[in-house]
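Observations on the model geometry
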Amino acid sequence: MHPFRTTLIALSLVAAAVLVAAPPAAAANTTYYVDCSATAAGSGTQASPWNSFAAVNSRTFTSGDQILIRRGTTCAGQQLWPKGSGSAGAPNIVDAYGTGAKPILAGNGAVDDVVKLYNQQYWEIRNLDISNQGAAPAARRGVHIIRENSGTGTYYRVTGVDVHDINGVQNKKDDNASAGIFFEVLGNSVQTKFDDVVIADNTVRAVDRYGIHFWTRWMTRPELANPNCGSTCGAWHPQTRVVVRGNTVTDIGGDAIVVHHTQGALVERNRVDGFRMRDTNCAAGVWGWNVDDTLFQFNEVSGGRSTCDGQGFDLDEGNIRTIYQYNYSHDNEGGFILLCNGGGSTTKDNIVRYNISQNDRGDVVDLICGKITNTKIYNNVFYVGQNAKIINNTNGSTGANAEFYNNIFYVTSTGSSYVNAGSLLWDSNTFYGQHPAGEPADPAKSTADPLMVGPGTATSISNAGGYRLRAGSPALASGQVMTNPGSRDFFGGVVTAGCRPDRGAHQLTTTCAPGGGVVPRTGWSVRYVDSQETAAENGAATNAFDGNISTIWHTKYTGGSDPAPHEIQINMGASYSVSGLRYLPRQDGGSGAANGRIGQYEVYVSTDGTNWGTAVATGTFANDASQKDVRFTAKTGQYLRLRAVSEVAGNPWTSAAEIYALN
């Protein structure tokens, strides 16, 4: 997703509000009634209701006041903007009364915002039917809640609201954008944010450009190299305690649900169908830009249009510790997920786990823009029943950027492909069905039928049982142990840390199959290597733990070969209990593919990198390119030493694509 720089447009209503005299205050804890079908203006009681929003907008309401609008009525061409704020435990409430359909608030394009709050807090907005369709597109919203240079605003609830038919400006993103429900922070002189926001159980449909949208000008930080707020930027001050839950968002011109500039947001159990329906800008379904610790779970997303993004989900610029889990993505023209960090920004430490993608097309997993860092994609199922680029790695990412473990790629289409997938890190994935060009090597690859109940038959997130594993599946207890597996699978089954998981999104196995996890390699460095080729090729020793199986450590051969034995000593950066070593021989083809494969080996672990003691393991590796795991009695240390006593064919060389320590 590429944010567009936009011209900031002043809000004329906000400016005007500063110039008018303060409206009269309402009595505390009072209920006021509005019936737009009443012939007389009334006094605001149930027996004598107001018949327009003029009386509401002219008052300042205090803690606990309620504004109730009669069901079955229509308030046309008006804006609802009650003034004042509630307080903790006594919020102000806008709701419906009586019987029948929700009251209709039809802006008819006569107002920018049908329901508006400005520098207010402690409000609940419930059970309204809101539209804002004008003769021609313009900047329009259904619910627009604004703060500007006013500090932290707390407690906002928007629930049970139906927002629809808003013909906003298609190509205007970010601030002053058109949306169904929009929380917007303006100004840059007083740090300002929203806190404790719940948007739940609403419907948003036929809206341009956003469905549900968060934005702030307080966004600048080192992790964001491309702030999109012109000269009015403020330092990072994210929205907090944001929850977007249980909403149905359909037929959206651009992005469906975006929680930009938030920290710790929770986006769950939403249904999105149809996004980027009319906008020519790129758009995705459910995602965040410049966010920390965001959790997206139990969402179903489908109907994304086009391949200008068009993915159901997105790990975008400035995403730190984002988790996508237990989501169901299907039939999106753009694909399942976009991995797109802006150039110079930081997107790192993200997790994509226990999701199901069915018949997503385009670029199912798309790595473009700047590279992300340390993103783990594991225990997902990708059912590819229509032609797609299953992995599209066009930005040159390696295993230091994205790692794939324990996923099932179930491919029935005959025209799909993998683009530059081999440079990523792969371990314990299943590739079944068709085997398109570019399918990556995986040291623990399985091509056997994973024996799922009925792959490709899901009809909703609650009816995806076809992706459960059957007894006897080769996927059972054959996955890589993950450091942070979460507590459950897609279906709610228990996932136990430290046990070897089943592959895919279903954990059928209930008994613990112990298995060593991989020691993190982010802090690794070479303490010593006796030989490396740097003239004829890049055979540096650091290639043995760079996460890229296409690069190798190769001992010197230009101007004469150094004789065996050879060794590499690795500083793991911290002390670990090490109970195994994994050696992946070089994975390239050709006549020299076997050159340097280790035959006899010795493994050592040391606390100081000087005193090695006796070898914790010795033996001889088989002469093939498969992954080699060596197990031994656990020993604690910070330094790992692999000594290649011989090469499989007796040559003087040693090579390695990847070396891991296991715990």
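Check the entry above for the structure.
Residues numbered from 1 in each chain as written. Predicted model: local features only at pLDDT ≥ 70, side-chain atom pairs only at ≥ 80, totals over all residues. Heavy atoms only, no water.

**As for the nonpolar core**
- F183, I391 and F409 are the most contacted members of the largest nonpolar core, which has 91 residues in total.
- With residues near it in sequence (within four places) discarded, F409 still touches F382, I390, I391, F404, Y418, W426, N429, T430, F431 and Y432.
- Counting residues in hydrophobic clusters, the runner-up holds 27 residues, among them V529, F545, V605 and L640. (Core = buried A, V, L, I, M, F, W, Y, C linked by side-chain atoms within 4.5 Å. Buried < 20%, exposed > 50% of the residue type's maximum accessible area, 1.4 Å probe, protein only. Contact = heavy atoms within 4.5 Å.)

**Considerations on the pairing of strand β39 (residues 381-384)**
- Side chains V381 and Y383 project from β39 onto one buried face, and the interleaved F382 and V384 project onto a second face that is buried too.
- Examined bridge by bridge, strand β36 (residues 356-358) and β39 share 3 bridges and lie parallel to one another. Along β39, the bridge assignment pairs Q358 with Y383.
- Sheet analysis places β39 next to strand β42 (residues 408-411), joined by 4 bridges and oriented parallel. Its bridge partner being in β42, F382 is matched across the sheet by F409. (Helix = DSSP H or I, 4+ residues; strand = E, 2+ residues; numbered from the N terminus. Pairing = 2+ DSSP bridges.)

**Here we look at unusual backbone geometry**
- Note the cis peptide between D208 and R209, where omega equals 15°.
- Along the polypeptide, R209 turns up in the loop between β16 (203-208) and β17 (210-216).
- That bond from A564 to P565 is cis: its omega, 5°, falls within 30 degrees of zero.
- The residue P565 is located in the loop between β47 (553-554) and β48 (566-584) in this model.
- Unlike most non-glycine residues, D309 shows phi in positive territory, near 65°.
- For D309, the location among the structural elements is in the loop between β29 (300-304) and β30 (311-315).
- Relative accessible area serves as the criterion here: at 5%, D309 is assigned to the buried category.

**Quick word on the state of the cysteines**
- Within this structure, the stated rule accounts for 5 disulfides.
- Each disulfide pairs two cysteine sulfurs, and for C36 the partner residue is C75, the sulfurs being separated by 1.9 Å. In this structure, the disulfide formed by C36 and C75 twists by about 100° around the S-S bond and is classed as right-handed. Linking C36 in the loop between β1 (31-34) and α2 (54-57) with C75 in strand β4 (residues 74-76), this pair joins segments that are 39 residues apart in sequence.
- Exposure remark for C75: the relative accessible area of 1% places this residue in the buried category.
- Across the disulfide, C282 is cross-linked to C308 (sulfur-sulfur distance 1.9 Å). Torsion about the S-S bond of the C282 and C308 cystine: about -70°, corresponding to left-handed handedness. Placement of the pair is C282 in the loop between β25 (271-275) and β26 (286-288) and C308 in the loop between β29 and β30, with a sequence separation of 26 residues.
- Residue classification places C282 among the buried positions, given a relative accessible area of 12%.
- When the bonded cysteines of the protein chain are counted from the start of the sequence, the pairing works out to 1-2, 3-4, 5-6, 7-8, 9-10. (Disulfide = S-S within 2.5 Å.)

**Observations regarding the packing of aromatic side chains**
- All told, the structure shown has 28 aromatic pairs when counted by the stated rule.
- Consider the rings of Y583 and F621, whose centres lie 5.1 Å apart with planes at 25°: the pair is stacked. Residue Y583 is located in strand β48, and its partner F621 is located in the loop between β50 (617-620) and β51 (628-644); the two are separated by 38 residues in the primary sequence. Taken individually, Y583 and F621 each receive the classification buried, so the pair is uniform in this respect.
- Here the aromatic residues F296, F313, Y324, F336, F382, F404, F409, Y418, W426 and F431 are joined through ring pairs into a cluster of three or more.
- The lysine or arginine in question, R488, covers the ring of Y326, its NZ or CZ lying 4.8 Å from the ring centre.
- Stacked on the ring of Y660, the Lys or Arg R582 has its end atom at 5.9 Å from the ring centre. (Phe/Tyr/Trp six-rings, centres within 6.5 Å; stacked < 30°, edge-to-face > 60°. Lys NZ or Arg CZ within 6 Å of the ring centre and 35° of its normal.)

**Things to note about the pattern of salt bridges**
- Scanning the model with the defined rule gives 28 salt bridges in all.
- For the salt bridge of R141 with D113, the shortest nitrogen-to-oxygen distance reads 2.7 Å. Note that R141 is positioned in strand β11 (residues 141-148) and D113 in strand β8 (residues 113-118), a separation of 28 residues in sequence.
- According to the relative accessible area criterion, R141 is buried, its value standing at 1%.
- As a salt-bridge pair, R278 and D251 come within 2.8 Å of each other at their nearest N and O atoms. Of this pair, R278 sits in the loop between β25 and β26 while D251 sits in strand β21 (residues 248-252); the two residues are 27 residues apart in sequence, bridging distant segments of the chain.
- Classification of R278 by relative accessible area gives partly exposed; the value is 35%.
- The exposure class assigned to D251 is partly exposed, which follows from its relative accessible area of 28%.
- The network of salt bridges with common partners includes D95, E124 and R126. (Salt bridge = Lys/Arg side-chain N within 4 Å of Asp/Glu carboxyl O.)

**Let's talk about the sheet that holds strand β34 (residues 335-341)**
- The parallel open sheet is built from 11 strands, whose spatial order is β8-β11-β14-β17-β22-β26-β30-β34-β37-β40-β43. The sheet is open, and its two borders are formed by β8 and β43 (417-419), each paired with just one other strand. Pairwise comparison of adjacent strand axes, ignoring direction, gives a mean angle of 15° for this sheet.
- Of the pairings in the sheet, the one linking β17 to strand β22 (residues 257-259) comprises 3 bridges and is parallel in character. Residue pairing in the sheet places I212 in a bridge with I257 of β22. (Axes fitted to C-alpha atoms, helices over the stretch in contact; angles between N-to-C directions.)

**A word on the environment of N51**
- Relative to the helices and strands, N51 resides in the loop between β1 and α2.
- According to the relative accessible area criterion, N51 is partly exposed, its value standing at 21%.
- Through-space distance from the C-alpha of N51 to that of A38 is 5.3 Å; in sequence the pair is 13 residues apart.
- Those residues in contact with N51, other than ones at most four positions away along the chain, are D35, C36, A38, T39, A40 and A41.
- Only 3.2 Å separates the side chain of N51 from the backbone oxygen of A38, close enough to count as a polar contact. (Polar contact = N/O pair within 3.5 Å; in protein donor to acceptor, adjacent residues only side chain to side chain.)

**Focus on the environment of S446**
- Along the chain, S446 falls in the loop between β45 (430-433) and β46 (525-529).
- For S446, a relative accessible area of 15% translates into the label buried.
- S446 sits 102 residues away from N548 along the chain, and the two C-alpha atoms are 20 Å apart.
- Every residue in contact with S446, bar those within four places of it in the chain, is listed here: N429, T430, F431 and R503.
- Among the polar contacts listed, one links the side chain of S446 to the backbone nitrogen of A448, at a separation of 3.3 Å.

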